[in-house]
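Observations on chain architecture
Each chain, letter by letter, is given below.
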Amino acid sequence: ATESAWLPGDKSLIVPPPDLTWPNNRTVSFGIYSRDADRNVVYDPGFAPGSRYEDVLVPVWQIHPIKTNEKAVMFNLHSEKNRQRALDDMLEYEVPTLTAILQLVQDSETRPSSILFFPVFDNFETPEDFPVFDNVGMPLVNGTNVVGSISIVFSWDTLLQRILPNYIKGMICVLQSSTGQVYSYSVSGNDVTFLGEGDKHDPKYDKYKEVVQATLGNTAEQIGQVDYLITYTLVMYPSQTFENEYVTNRAGIYTAGVVLIFLCTSALFLLYDYLVEDRQQKTARFARQSANIVDAMFPAGFRERLYKSHQNNNNNSGSKANSRRSSDNDEATIKASNRTNGENRSRSQSPSRRRSSTMGRKIVTLQIDKFMKGTRSAPKDHIPTNYSNGDDDKPIADLFLDTSIMFADIVGFTKWSTERSPNEVFTLLERLFWEFDELAAQHNVFKLGTIGDCYIAVTGIPNPIEDHASLLTQFSFAAREKVREVCAQLDAEGLDTLKLDMRFGIHSGAITAGILRGTKSRFELFGDTINTASRMESTSVGGKIQVSAETAELIKLDRRGKWLVKRDGMITAKGKGELQTYWAEPNPVGSRVSFSDEAIDHLPDDDFNKLESQESDRYYQHEYDKQEEKEG
């Protein structure tokens, strides 16, 4: 075998050099050797005294010889005490084992090392998959046998190079074996320094220690707790070097810097938040003011359609230049139309009501930006280029069948205003019309606008109201009381307003309402109902509320006929001819008989009218004559 075998390492293992003597001239042919207590090379006796497996020989064969130790071939590992225990454990438990800490031959300085023995079996199968039977046919518990081992020699300082990250410096590692051996190392990243035998850590860092049990794979799960197996424990401690690295004033400096940056950033954010909040409040105030103006100009239903039209326009047109918003919108005014709509409703004398609560036909919307832009920069005789026949360009307008409109004019205002300063005139109008606006909001009445000293309000627009006529009449009652209160207050301030009064006129009927585009877009009403309501006011008497026959009919249907007193004689209205009208009073004056609403509802119209006019006509005629004489 020695003549034909190829041996790694020194060639002198086959042919001894003639100038060397024993044991330096030892060759493989010399056979298996061991060492005595003085580590001298001797012939191996063939057994290991004191071992649990005395007759087992474990001659080493180096696959990769260590430099300066190439001749460590055919050495019986089982003959050395430290190796012997690990080999016995491997043979007994058939698991990888470690030796106790030893000093390797090739190390000239103290360097704790160990050997890992990994068992080599005669086959790779497990007993469960391939059972083995004895010579009488009984299955063996284990069908594998250890026939060799792979030994790996290592030094602990090499292993400890990989237990900590590179940035950690100054850790003390105390290596403890179950045989009682203790060695200490200083570990700084990949740099490991052997400190000596024993525990070399500083006791003041005992409370920071970390203990790690070093195990080999799943050995503990395979065999459990045993008596012979050698185990290791790593105990980690910080050191003064570690403390100096991490316990510094830099943390306080960094903290102070971070706090300062945080405070400055917080101050900037607070300042920014204050500026943003202030800007938002200004914007909100401006928006509320703008909304109030828009609310006064356009009813809710029409506003929603304007906003919707504007949104659709933005979605369809994509990114465009921001539309200019017109700020020149005046209060909406009413233009009386000279044409008659001929849509007087006929109502049955039966108590059942046939009121239409639905709006008329709906007109397709016109985009809000086109309405608000109007044709401000265009010549008067030029037709706007943005007005086309498409569906998106049709005006926003509706026909409202069930509405009531009120005109209220200050009697004696023209003469009084010529004797007063502009400030006093506007003080009266603002104080009075402000009170009217408050009442309109309470009574669900829409303020259409003012023309001079004339206040115009309407019900049934934009949302249908069942009792629009009665509702507007109630508003007129309250408005008349406010006129008297305001005039009394201003008279006490020296404005001489007690001689002023206000006359009211109400008519009910169909109205066409919508937004009229022009140089100043506005909400407009058209229809003969407006003309008639104006005539009701102009023919009324100061301090009185005159309603048309159509409005009176609706009030009766609302079971409020006791408010009505038929006016004595017919009135002559411009463009209307002679009309029968009624005075409206919450508590009529005169020797009039009181009936319940239910009884009045069942009276024929002739009887009802006769009942209303008996005594009160003379009173109202007298009041009318007095007013005419007063106005000169």
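Residues numbered from 1 in each chain as written. Predicted model: local features only at pLDDT ≥ 70, side-chain atom pairs only at ≥ 80, totals over all residues. Heavy atoms only, no water.

Points about the overall build of the chain
Secondary structure assignment for the chain yields 15 helices and 20 strands. Evaluated residue by residue, the chain yields a buried proportion of 39% over its 632 residues. Considering only intrachain contacts with a sequence separation of at least 6, the fraction spanning at least 24 residues in the chain is 69%. A total accessible area of about 36400 Å² is found for the chain, and carbon and sulfur atoms account for 53% of it. (Helix = DSSP H or I, 4+ residues; strand = E, 2+ residues; numbered from the N terminus. Buried < 20%, exposed > 50% of the residue type's maximum accessible area, 1.4 Å probe, protein only. Contact = heavy atoms within 4.5 Å. Areas by Shrake-Rupley, 256 points an atom, 1.4 Å probe, with all protein chains shown as cover.)

Here's the deal with the sheet that holds strand 10 (residues 232–238)
Here five strands make up an open sheet; going across it, the order is 8-7-6-10-9 and the pairing antiparallel. Each of the sheet's edge strands pairs with one partner strand only, and the pair in question is strand 8 (191–197) and strand 9 (210–214). Strand-to-strand, the axes of this sheet are offset by a mean angle of 25°, without reference to chain direction. The pairing of strand 6 (residues 171–177) with strand 7 (residues 182–188) spans six bridges and is antiparallel. Each residue of the ladder has a partner; that of V174, found in strand 7, is S184. (Pairing = 2+ DSSP bridges. Axes fitted to C-alpha atoms, helices over the stretch in contact; angles between N-to-C directions.)

Focus: the packing of aromatic side chains
Tallied over the entire structure, the rule returns 15 aromatic pairs. Ring geometry for Y33 versus F75: centroids 5.3 Å apart, planes at 40°, classification tilted. Here the residue Y33 occupies a position in strand 1 (residues 33–35), and F75 occupies one in the loop between strand 2 (41–43) and helix 1 (81–93), the gap between them amounting to 42 residues. Residue Y33 shares its accessibility class with F75, and that shared class is buried. Note on Y183 and F194: the rings are 6.1 Å apart at their centroids and 40° apart in plane angle, and the pair reads as tilted. (Phe/Tyr/Trp six-rings, centres within 6.5 Å; stacked < 30°, edge-to-face > 60°.)

Description of the packing of helix 10 (residues 468–492) against helix 12 (residues 549–557)
Two elements in contact, helix 10 and helix 12, have axes whose closest approach is 8 Å; the angle formed by their N-to-C orientations is 100°. It follows from the interaxial angle that helix 10 and helix 12 lie roughly perpendicular. Across the interface between the two elements, H468, A469, S470 and T473 of helix 10 pack against T551, L554 and I555 of helix 12. For the contact of helix 10 with helix 12, the residue count by class is three nonpolar, four polar and no charged. (Parallel < 35°, antiparallel > 145°, perpendicular 65-115°, else oblique. Nonpolar A, V, L, I, M, F, W, Y, C, P; charged D, E, K, R; others polar.)

Section: the environment of T403
Looking at the element boundaries, T403 is found in strand 11 (residues 397–411). Through-space distance from the C-alpha of T403 to that of P464 is 7.8 Å; in sequence the pair is 61 residues apart. At 2.6 Å, the side chain of T403 and the backbone oxygen of G509 are in polar contact. (Polar contact = N/O pair within 3.5 Å; in protein donor to acceptor, adjacent residues only side chain to side chain.)

Focus on the environment of E54
Among the structural elements, E54 can be located in the loop between strand 2 and helix 1. For the pair E54 and D88, spaced 34 residues apart in sequence, the C-alpha to C-alpha distance is 9.5 Å. Apart from residues lying up to four places away in sequence, E54 is in contact with G46, F47, A48 and P49.

Quick notes on the pairing of strand 13 (residues 454–459)
Of all six residues in strand 13, six are buried; the element is thus mostly enclosed. Sheet topology places strand 11 next to strand 13; six bridges connect them, and they run antiparallel. In the sheet register, M406 faces strand 13, and the bridge partner there is A457. For strand 12 (residues 446–451) and strand 13, the ladder comprises five bridges, and the chain directions are antiparallel. Across the sheet, residue T450 finds its bridge partner in strand 13, namely Y455. Linking strand 12 back to strand 13 in an antiparallel pair, the connection comprises two residues, with G452 at a positive phi of about 65°.

Considerations on a nonpolar patch on the surface
On the surface, a cluster of nonpolar side chains totalling about 430 Å² of accessible area is made up of F118, V120, V147, I150 and I152. Only strand 4 (113–121) and strand 5 (146–155) provide two or more residues apiece to the nonpolar patch. Examining the composition of the nonpolar patch, we find that three residues originate from one element, strand 5, more than from any other. One can find I152 in strand 5. Residue classification places I152 among the partly exposed positions, given a relative accessible area of 44%. (Patch = residues over 30% accessible without salt bridge, like charges linked within 9 Å, V, L, I, M, F, W, Y side chains within 5 Å. Salt bridge = Lys/Arg side-chain N within 4 Å of Asp/Glu carboxyl O.)

A short note on the pattern of salt bridges
Summed over the entire model, instances satisfying the criterion amount to 20 salt bridges. When the shortest N-O distance is used, the salt bridge between R484 and E481 registers 3.2 Å. In this pair, R484 and E481 are both assigned in helix 10, three residues apart and thus about one turn of the helix distant. A relative accessible area of 39% places R484 in the partly exposed class. Here E481 falls in the partly exposed class, since its relative accessible area comes to 40%. Residue K482 is joined to E485 by a salt bridge in which the shortest nitrogen-to-oxygen separation is 3.6 Å. Note that K482 and E485 are positioned in helix 10 at a spacing of three residues, about one turn of the helix. Exposure remark for E485: the relative accessible area of 41% places this residue in the partly exposed category. A network of salt bridges, in which partner residues are shared, links E419, R420, E424, D496 and K499.

Considering unusual backbone geometry
A cis amide bond links I461 with the next residue in sequence, P462, at an omega value of 0°. As for its position among the elements, P462 is in the loop between strand 13 and helix 10. The residue N444 is not glycine, and still its phi comes out positive at about 60°. In this structure, N444 sits in the loop between helix 9 (422–442) and strand 12. In the Ramachandran plot, R559 falls in the positive-phi region, its phi being about 65° despite a non-glycine side chain. Along the polypeptide, R559 turns up in the loop between helix 12 and strand 17 (564–566). On the accessibility criterion, R559 (38% relative accessible area) is partly exposed.

That is the geometry; function is a separate question.
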